[in-house]
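Coordinate inspection notes
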Amino acid sequence: MAISLNASFLNSFVGEHELSAMEGAVRDAHAKIWNKTGLGNDFLGWVDLPVNYDKEEFERIKAAALKIKNTCDILIVIGIGGSYLGARAAIEFCKSPLYNNLKKDTPDIYFAGNNISAQAMKELLEICEGKDICLNVISKSGTTTEPAIAFRIFRDLLIKKYGPDCIKDRVFITTDRAKGTLKGFADAAGCETFVVPDDCGGRYSVLTAVGLLPIACAGISIDDMMAGAAAAREAYKDCDLASNDALKYAAYRNILRTKGKKTEILVDYEPCMVMMNEWWKQLFGESEGKDNKGLLPDSVVFTTDLHSLGQFIQEGERIMFETILNIKDTGAEVVVPNDEANVDGLNFLTGKTLEYINSMAFKGAAIAHTDGGVPAMILDLDSRSAYDFGWMVYFFEMACGISGYILGVNPFNQPGVEAYKKNMLALLGKPGYEERRAELEAKM
Ligand code: PA5
């Protein structure tokens, strides 16, 4: 198992009998996922995806990654939400948050279209000056405003730089199989296209072309990633609460929620997890936060945030529990050097690795927070390999689906995301939104 759940820090918060009492709800939720009988059952493509993916497209993704590598210095990945977070999480997790600064034979990768910041766009356009560029535009609907604006700006840049014929060679489009603005554009321009499957929502799409093309472009093995996800699928098929950690994690977080712990904080100790935290927040927040229900997903990277949110966690209102993602082997060894003069008094650490010191911070903080009334679960993850990333993604996806069904919501829709979009488009004067605009202006 690439991930194992250690519940020892929960002992004083959750009794064995409470876990056993969840068995029925967990069994029902598990059946809904695997028999496809629950709410949103037309969005369960992710369940079998690790074994049942389009092999021809998978090979095309690898070939496109090679072509992109040979064509450009910079790949701009345009997308937002589920069409963005997974790829960025994987690249930062498996490679580095400083991926673009590493010595490498793959292109730099920047992400655009995930905000409407003029500052961010201006900086990115400056970075692109004098560089060869390719685009991977990712949008299932093809109409999401943020990526659509970014695509227009970068399309303009490409045409001015290389002429209109360049689009088919430099723009790679990931969108709906058959319909939508982007698909129409791609077909007319002759761009290579990849598919966002109908039965995978954005936040469940990292192991489709949505995530896999940018991930492959970063030189990460997508074969290993799918193998990890496939092994996880096999491990979590079983409905036994005692042996299935995805079920156990879902059960514990629901028990803690009913005890008034309304916020789940994903805690980790490696900066390579920052974007994974964001992916996780979208996964759980968008899946569970509806019908006035759900746990609020939050995240911290320690030890950095021990010097900020650590205070609240230790002594603030007791509304949260921690899920600690502990990477057992980070793949890096840095040793504290000796200092004869011992000016900083740190010679007791001479010869110790940073990994060891970090692990002591982890243990110390976990004990302090538990003593302070914050329940904690530990998820031990073997390493930062692509295989383990695939496993982790599947673990959280499965736990999230199960958790949402236990909560009694449809974990696979996101009706609330539409509200701001409608208002923004009305305020911007989009044709067809006149009535809404008048209503909004009356409120302002
Ligand atoms: O999870 C989701 O469905 C959303 O985050 C979408 O991925 C996001 O809104 C982007 O949508 P689209 O891919 O249609 O541009």
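Higher on the page you've got the structure.
Scoring rules and cut-offs
- Residues numbered from 1 in each chain as written.
- Predicted model: local features only at pLDDT ≥ 70, side-chain atom pairs only at ≥ 80, totals over all residues.
- Heavy atoms only, no water.
- Pairing = 2+ DSSP bridges.
- Helix = DSSP H or I, 4+ residues; strand = E, 2+ residues; numbered from the N terminus.
- Axes fitted to C-alpha atoms, helices over the stretch in contact; angles between N-to-C directions.
- Contact = heavy atoms within 4.5 Å.
- Buried < 20%, exposed > 50% of the residue type's maximum accessible area, 1.4 Å probe, protein only.
- Near = heavy atom within 4 Å.
- Polar contact = N/O pair within 3.5 Å; in protein donor to acceptor, adjacent residues only side chain to side chain.
- Areas by Shrake-Rupley, 256 points an atom, 1.4 Å probe, with all protein chains shown as cover.
- 1 Å grid on protein atoms, 1.4 Å probe; cavity = no way out; pocket = protein on both sides within 12 Å on 5 of 7 lines; lining within 4 Å.
- Sits in = over half its atoms within 2 Å of the grid points.
- Nonpolar A, V, L, I, M, F, W, Y, C, P; charged D, E, K, R; others polar.
- Phe/Tyr/Trp six-rings, centres within 6.5 Å; stacked < 30°, edge-to-face > 60°.
- Lys NZ or Arg CZ within 6 Å of the ring centre and 35° of its normal.

Now for the sheet that holds strand β10 (residues 376-383). Pairing in this open sheet of five strands is mixed, and the strands run β1-β10-β9-β7-β8 from one edge to the other. What marks the edges here is a single partner per strand, and that holds for β1 (3-6) and β8 (296-301). Here the average twist between neighbouring strands, direction ignored, is 20°. In terms of strand pairing, strand β9 (residues 320-329) meets β10 through seven bridges, oriented parallel. When the bridges of β10 are listed, N326 appears paired with D380. Along the sheet, helix α15 (residues 354-371) contacts β9 and β10; its crossing angle with β9, the most-contacted strand, is approximately 160°.

A few words on the pairing of strand β2 (residues 74-78). Within β2, five of the five residues are buried, which leaves it mostly tucked inside the rest of the structure. Burial along β2 is two-sided: the face carrying I74, I76 and I78 and the face carrying L75 and V77 are both buried. Where β2 lies against strand β3 (residues 108-112), five bridges are found, and the strand directions are parallel. Counterpart to I76 in the pairing with β3 is Y110. One ladder, built from five bridges, connects β2 with strand β4 (residues 133-138); its direction is parallel. Bridge assignment links I78 to a residue of β4, and that residue is V137.

With that out of the way, let us pick up the site of the ligand. What surrounds the ligand is a group of 13 residues, the closest being S83, S139, S141, T144 and Q282. One nitrogen or oxygen atom from the side chain of S83 is found 2.7 Å from an oxygen atom belonging to the ligand. The separation between an oxygen atom of the ligand and a polar side-chain atom of Q282 is 2.7 Å. Burial of the ligand by the protein chains amounts to 88% of its free accessible area of 380 Å². Its atoms largely coinciding with the cavity grid, the ligand occupies the largest pocket. Of the residues belonging to the shell around the ligand, the class tally is one nonpolar, nine polar and three charged.

We now examine the packing of aromatic side chains. Summed over all chains, the structure comprises 20 aromatic pairs. Aromatic side chains Y236 and F395 sit 5.7 Å apart centroid to centroid with 65° between the ring planes, which places their arrangement in the edge-to-face category. Placement of Y236 in the loop between α11 (222-235) and α12 (245-258) and of F395 in helix α16 (residues 386-407) is noted, with a sequence separation of 159 residues between them. By relative accessible area, which is 0% here, F395 ends up buried. Of the aromatic side chains, those joined through ring pairs into one cluster are Y236, Y249, W280, F284, Y387, W391, F395 and F396. Stacked on the ring of Y99, the Lys or Arg K104 has its end atom at 5.0 Å from the ring centre.

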